[in-house]
Structures are given as structure tokens and as C-alpha cells.
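Structural overview for review
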Amino acid sequence: MGYVQAGYTIVLSILFLYGAALVWRRRRLTRAVERVVAAEASAPVGPSGDDR
Amino acid sequence: MSSNQTVSTPPAPSDIPPAPSDTRPAQSLRPPAQSARARWTTRIIGITALVATGFTVWLGLWVTPPDVTQGNLVRLVYIHPGVAWVALYLAFGLAAVSSLLYLWPRTRSLFWDRLAAASVEVGVVFNVCTLISGSIWGKPTWGVWWAWDARLTSTAVLLVLFLGYLALRRVPAEPEVRAKRSAFVALFAAVDIPIVHFSVLWWKTLHQGATVLNANLSPTIHGSMAWTLLLGFVALTLVFVWMLLVRYRIGVLEDWLGTGELDVALRERQAEGAAIDEDEAA
């Protein structure tokens, strides 16, 4: 059974770790997008097309 | 704008890149929102995949009987062909189809490029799982961890080809250029998929022939073993779909963030140029 248990453990661990990494990446990027949106909202407005 | 331009010489108005709002529709600056329905669909698929995988493990390790010839080693059949199915046929097959649809002028869209990229990344993970589980099965069965067998070697070549695809995507380029060259590489790599599938028929290999997808489409496995094998295929397919949806969303966010950061940088540069103009005028 040793090989069987090793096979299941390794494969399921790889899939679980990759899945967790995907969730973490998505969460990190969602927060980064929110930060950019907040920066855009608070940034000083540049000259308009007429001013240039 | 030339690179040797100094701060003391303000840029000509024509050199200043236009404000994002001048060049792009306002809605493109909005963050890529995901509908509640899409979020719930992803969540439900994820939970179903988790439950189905749990059932497969329970049936595979404790419920199904050992094999007459292989004994308990046969239990690896409930995960090894499943991960191979996902990697070879679903993930890399989908990547090839998506790449083809990107290259086809009528269907050209970055959606297909993102889908191909997401599919390849998930497929590479499943391909690694295929090689590892196969190697663990091979040691007690064949007496070696690895053999330069046609099936094993062509699967390893497939992994290297798609790792190359992922490496190519990291080379900085315009999205359209990157998408086009990635699509060509994906199609080139996909040539290996039928080679992997038919390798057990074309050459004399250590690896056994197809159990389910054989020439007669007559599965050579029965009873609870067959049902558990089928459940394993379904479970791992659901895991793939969930991973694909999440990875695709990551691609959308990455792409948006790239242009979002560029917009912020352009706006800052514009504000800087305007301040220099005011100083000069004063």
C-alpha cells in the first residue's frame, strides 16, 4: 500500500497547493485592482484636451 | 519622446501622451467586475469537485477490491488515468482549439488567448501529476521509476513543450504579438498529443494499452472498479474546470492591472509636464 498512499498523497497535495495558490493570486490581484481604482479616483486631474 | 530629453526642456504638447479618457472608452477604465452568478458558479463547481474527489479517494482506497494480478497497486488507476485525461485531452486539447480560434481572423479575440494560457498552466500541473503518479506505479510494477518508453517519453516531451509555451508568454510584448506567437507554439506543441495517445499502438511499449478509450470503445474494467474510475474522471474534470475558471479570472485581472497601472503612470507624467509648463510660464 505504500506506493498507493504515496501516489495519492503527492498528486492530491500538488493539486491542493496549486488550487490554494490560484485563490491567493486571485485575491492579491483583486486587492491590487481596488488599490489602482482608489488611486485613480484620488489622483489630481490633468489638463483637459482644450488646455493642451 | 526621446530618451535624452531633460526636465529643463519641457516636452512639446504633441509629445505628451493623451489622457486615458481621451483615447479609450470610459468603461475600459472600470475594474473588470465579475457577476454574482459567475462567482457562485465557480464556487459550486469548486465544492462539487472537492466532494467528488473525496468520494473517489474513499472508494479507491477503502471500498473497491484489490486486483487479482496487481493487488492493491490497482488503486492508482483511479487517479493516474484521470489526471492524464485532464492534462492531455482536456487542458492541452482546449489550449490547441483556443489557439486555433485566436489565429482564425473571424474569431480573433484575446478571450481565446487568455483561455489557452489558463488551460496550459493548469494542464502543466496535471501533466506533472501524471508523470509522478505513473512513475510511482512503474516502480513496483516494472521495477524502475522511469523508462525511456514511447508513452512516458512523449508525455515528458509534451510537458517540456508546454513549459516552453509558458516561458514564451513571459517575454515582454504587445498583447496581440504575444497572443499570436503563443498560439503558434501551442499548435506546434499539440502535435505531440496524438503521438502520446497512439504511442502504445505505434511502438512496443512497457505502458499498457488504453483501458477505456481503446479501439473497440469497450472498457476492459467492470463493476465497482469501473464506477470508481468513472467518478475519478468526473472529479478531476471538475477540478480542472474550477482551476480553469479561477486562472482565467487571474488573466483578466492581470491584463486590466497592466493597462490600469499604465494609465496611472501616463496621468502622473501628464501632470508633471503641466507643472513644468506652468513653471516656465511663470
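Residue indices follow the written sequence of each chain, beginning from 1 at its first position. Lettering of chains starts at A and numbering of ligands starts at 1, both following the order in which they are written. Where local features are concerned, this predicted model is filtered to residues with pLDDT of at least 70; where side-chain atom pairs are given and counted, the filter is 80 or more; whole-chain, interface and lining totals use all residues.

**As for the overall build of chain A**
Looking only at helices and strands, chain A has 1 helix and 0 strands in total. Partly exposed residues are those whose C-beta has more than 12 but fewer than 20 other C-beta atoms within 10 Å; with 20 or more the residue is buried, with 12 or fewer it is exposed, and the C-beta atoms are placed from the backbone. The burial tally for chain A puts 15% of its 52 residues in the buried class. Strands here are runs of E lasting at least two residues and helices are runs of H or I lasting at least four, both read from the DSSP assignment and numbered beginning at the N terminus.

**Observations concerning the overall build of chain B**
Scanning chain B from terminus to terminus reveals 8 helices and 0 strands. The order of helices and strands in chain B, counted from the N terminus, is α-α-α-α-α-α-α-α. Counting all 282 residues of chain B, 32% fall into the buried class. A sequence separation of at least 24 residues applies to 79% of the contacts in chain B between residues at least 6 apart. Any two residues are considered in contact once their C-beta atoms, placed from the backbone, lie within 7 Å.

**Here we look at the packing of helix α3 (residues 80-103) of chain B against helix α4 (residues 110-142) of chain B**
Residue and element names in this part refer to chain B. Axes here mean lines fitted to C-alpha atoms, for a helix over just the part in contact, with angles spanning 0 to 180 degrees between N-to-C directions. The N-to-C vectors of α3 and α4 enclose an angle of 155°; their axes lie 7 Å apart at closest approach. In this view, α3 runs roughly antiparallel relative to α4, as classed from their interaxial angle. Crossing of α3 against α4: the hand is left-handed. Classes in brief: Ala, Val, Leu, Ile, Met, Phe, Trp, Tyr, Cys and Pro nonpolar; Asp, Glu, Lys and Arg charged; the others, Gly included, polar. Tallied by class, residues from the contact of α3 with α4 come to 18 nonpolar, 9 polar and 1 charged. Should an angle fall under 35 degrees it is taken as roughly parallel, and over 145 as roughly antiparallel, whereas 65 to 115 is taken as roughly perpendicular and any remaining angle as oblique. Crossings are assigned a handedness: left-handed for a near helix turned anticlockwise from the far helix by less than a right angle, right-handed for a clockwise turn.

**A few points about the packing of helix α5 (residues 150-169) of chain B against helix α6 (residues 175-190) of chain B**
Residues and elements named next belong to chain B. One way to put it is that α5 packs onto α6 with a least axis distance of 10 Å and a crossing angle of 180°. With respect to α6, the element α5 is oriented roughly antiparallel. On α6, the residues that touch Leu158, Leu161, Phe162, Gly164, Tyr165, Leu168 and Arg169 of α5 are Arg178, Arg181, Ser182, Val185, Ala186 and Ala189. When its residues are assigned to classes, the contact of α5 with α6 shows 8 nonpolar, 2 polar and 3 charged.

**Considerations on α6(B)**
Multiplying 1.5 Å by the residue count of a helix minus one yields the expected span of that helix. With 16 residues, α6(B) extends 22 Å between its outermost C-alpha atoms, agreeing within 8% with the 22 Å of an ideal straight helix rising 1.5 Å per residue. Those residues of α6(B) hidden inside the fold are in contact with α3, α4, α5 and α7 (192-202) of chain B.

**A closer look at the environment of Leu59(B)**
Residue and element names in this part refer to chain B. As for its position among the elements, Leu59 is in helix α2 (residues 36-63). As for Leu59 and Gly232, which are separated by 173 residues in sequence, their C-alpha atoms are 9.6 Å apart. Setting aside chain neighbours within four positions, we find Leu59 in contact with Thr64, Thr228 and Leu231.

**A word on the confidence of the model for chain B**
All names here are of chain B. Known as pLDDT, the predictor's per-residue confidence is scaled from 0 to 100. Across chain B, pLDDT averages 83, with 82% of residues at or above 70. Of the regions scoring below 50 in pLDDT, residues 1-27 engages in 26 contacts with residues more than four places distant in sequence or in other chains. This prediction of the complex comes with two scores: 0.81 for pTM and 0.84 for ipTM.

**Some words on the environment of Leu236(B)**
Residue and element names in this part refer to chain B. Mapped onto the elements, Leu236 comes out in helix α8 (residues 223-281). Residue Leu236 is classed as buried on the basis of its 28 C-beta neighbours within 10 Å. Every residue in contact with Leu236, bar those within four places of it in the chain, is listed here: Gly82, Val83 and Val86.

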